[in-house]
Amino acid sequence: MVGGRVRGAGESPVAGTAVILTMLGGRQVGRSFGHADGSYALDAPGIGSYILIASADGYEPRAATLVVEGEPLSYDIVLGSSSGLVGMVHSAEHRAPDFAAAVIVTDARGEVVASEQTDALGVFNVPGLVPGTATPAVTAPGYRPYAEPVEIELAHH
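Novice: Looking at this structure, how should I read the environment of L52?
Specialist: Locating L52 in the fold gives a position in strand β5 (residues 48-55). Residues L52 and A63 lie eleven residues apart in sequence; the distance between their C-alpha atoms is 5.5 Å.

Here it is as structure tokens:
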């Protein structure tokens, strides 16, 4: 048996996640849907290596290789959102810098979750952020660092 919990941002459960277990060659051997608390469980046909695939609306799918050795296996899955953050860095005079600025995004716990460089026009695109509060911080030579919290919403398809 393989089971665990599926969660998104922080510890928030992701309900209704499709969880599929396949042989390494791709043949499906198990399928389950996550419960309201994010928990899932499915049976592995025996000892061996498998691929576990999890997908849910508004999240990037996740795949992992698991080795089942005869004992129940607990495996938690963290899904990244298909949400992201797009913006433009400019000076107070609304001029794009003539060099790449760094955009560093932290989550509500202060952990760095992404970093990107702006393009020549000052535009940045940070994909794959989970819903919740995030803080993009911008640094560029000759400018004071700037940070402001934003709310990342679940992407709807």
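Novice: What is the right way to read the sheet that holds strand β3 (residues 28-33) from this model?
Specialist: Within a beta sheet, neighbouring strands are joined by backbone hydrogen bonds and run either parallel or antiparallel to one another. Reading across the sheet, the four strands line up as β3-β2-β5-β6 and stay open at both edges, with antiparallel pairing between neighbours. On the outer flanks of this sheet lie β3 and β6 (62-68), each paired with one strand and no other. The sheet shows a mean angle of 20° between the axes of neighbouring strands, taken without regard to direction. Both strand β2 (residues 18-23) and β5 contribute to a ladder of six bridges, which runs antiparallel. What sits directly across from V19, in β5, is A54.

Rules and cut-offs
- Residues numbered from 1 in each chain as written.
- Predicted model: local features only at pLDDT ≥ 70, side-chain atom pairs only at ≥ 80, totals over all residues.
- Heavy atoms only, no water.
- Helix = DSSP H or I, 4+ residues; strand = E, 2+ residues; numbered from the N terminus.
- Pairing = 2+ DSSP bridges.
- Axes fitted to C-alpha atoms, helices over the stretch in contact; angles between N-to-C directions.

In short, the description is geometric, and any link to function would need to be established separately.
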